[in-house]
Amino acid sequence: MAGKLIAGNWKMNGSVTFATELVEGLLGKLNEGSVSSDFVVCPPAALLGTVLSLTKDTDLAVGGQDCHANVSGAHTGDTSAELLKDIGCGYVITGHSERRTDHGETNVDVNAKSAAAIKAGLTPIICIGETEEERVSGGTLNVIKLQVTESLPDDCDPDNIVLAYEPVWAIGTGKTATPEDVADVHNFIRSLLNDRFGEDAAKKIRILYGGSVKPENAAELLAVSNVDGALVGGASLKVEDFWAIGVR
Ligand code: PEP
C-alpha cells in the first residue's frame, strides 16, 4: 500500500471561483516537492469540469460524490460512473451517510453503485459507519459487519476499492471518535476484509477514517492501526487545513 490517502468531500459547497482558488492552492503545495500522502478532491458534480481542467496531468486526483448504478438512461439529475470516468475522475464516493439519509440509500444501493464504479474503472470510496443511537446501544460492530458484507460488491477487486469508516455522529459535528474507538472499528473492518479476501489481498485495501478530521487531530487519528487515510469534509474546504491533514 502506498502512503495515506487524504480525500476531500466538498459536499454541496463551492463555486467556480472557490474551486479554482482551492485547487490552485493545493497544486501549488504539491508542486513544492514530493509528499508521501495521496490527495483526492471530490467537488460537487457541477464543479467537476472546472476542477478536472485544472488538475489534468497533475498528482491531484478527482472524484465524484455519488454515481448512479446504471450506465445511462432515464435518471434525471443523476451521473453515471461511466461518465465520471470519461471526464477524468479516478474516484467516486459511494454510500456517504448524507446520501443514505437524504436519499434513503441502502447497502444494496451502495453495493450496486460501487459495482458500477468498479466496472467503469473508478475506485469507489465506500462509506460505512454507525449512528449515535447504534453506538450507544452497543451495536456498532454489528452495523459495521452488515454494511461491509452488504455494501461491497461480490466481485470487487481489493486493488481497486477504498473503505471509509465514518461514524455518523462525528460527521460535521466537531465530535471525533477516540483513537481507541477508531482502532477497534478499523481493526474489526480489517479482520472482515481478511476473512473475505485473504490477508495478502485485504491489506491492499485502504480504510479511511472520517468524522471531523482537522489539522489538530489528524496526526493522532492517522497514527491509529489500520487507518490508511482520512475522508475530510469541512476541513477540506481550506487549502492550509486540508494540506496539513496529509502533510505533517
Ligand atoms: C464527510 O463529509 O465525509 C466528513 C467526514 O465531514 P466532516 O469532516 O466535516 O466531519
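None of these values were measured; they are calculated from a predicted model.

The subject of this paragraph is the overall build of the protein chain. Each helix and strand counted, the protein chain has 11 helices and 8 strands in total. On C-alpha atoms alone, the protein chain measures out to a radius of gyration of 17 Å, which is about the 18 Å that the 2.2 N^0.38 rule sets for 248 residues. For the protein chain, the proportion of contacts with a sequence separation of at least 24, taken over those separated by at least 6, is 73%. Surface summary for the protein chain: the accessible area is close to 11000 Å², and the carbon and sulfur share equals 49%. One way to put it: in the protein chain the 20 positive side-chain charges average out to a point 2 Å from where the 35 negative ones average out.

Turning to the packing of aromatic side chains, a few remarks are in order. Overall, the coordinates contain 4 aromatic pairs when judged by the stated rule. Among the aromatic residues, those joined into a ring-pair cluster are Phe39, Phe242 and Trp243.

The next thing to look at is the environment of leucine 83. If you trace the backbone, leucine 83 turns up in helix α3 (residues 81-87). Sequence-wise, leucine 83 and alanine 218 are 135 residues apart; in three dimensions their C-alpha atoms are separated by 33 Å.

Of all 5 residues in strand β1 (residues 5-9), 5 are buried; the element is thus mostly enclosed. Neither face of β1 is exposed, since Leu5, Ala7 and Asn9 on one face and Ile6 and Gly8 on the opposite face are all buried. Where β1 and strand β2 (residues 38-42) come together, 5 bridges link them in parallel fashion. For isoleucine 6, the partnering residue across the bridge sits in β2 and is phenylalanine 39. A crossover connection joins β1 to the parallel β2 through helix α1 (residues 16-31); in handedness this β-α-β unit is right-handed. In terms of strand pairing, β1 meets strand β8 (residues 229-232) through 4 bridges, oriented parallel. Bridged to leucine 5 within β8 is glycine 229.

Reading the values: rules and limits
- Residues numbered from 1 in each chain as written.
- Predicted model: local features only at pLDDT ≥ 70, side-chain atom pairs only at ≥ 80, totals over all residues.
- Heavy atoms only, no water.
- Helix = DSSP H or I, 4+ residues; strand = E, 2+ residues; numbered from the N terminus.
- Rg over C-alpha atoms; globule rule 2.2 N^0.38 Å.
- Contact = heavy atoms within 4.5 Å.
- Areas by Shrake-Rupley, 256 points an atom, 1.4 Å probe, with all protein chains shown as cover.
- Lys, Arg positive; Asp, Glu negative; His and termini not counted.
- Charge placed at Lys NZ, Arg CZ, Asp CG, Glu CD.
- Phe/Tyr/Trp six-rings, centres within 6.5 Å; stacked < 30°, edge-to-face > 60°.
- Buried < 20%, exposed > 50% of the residue type's maximum accessible area, 1.4 Å probe, protein only.
- Pairing = 2+ DSSP bridges.
- Right-handed = clockwise from strand over helix to strand, strands pointing away.

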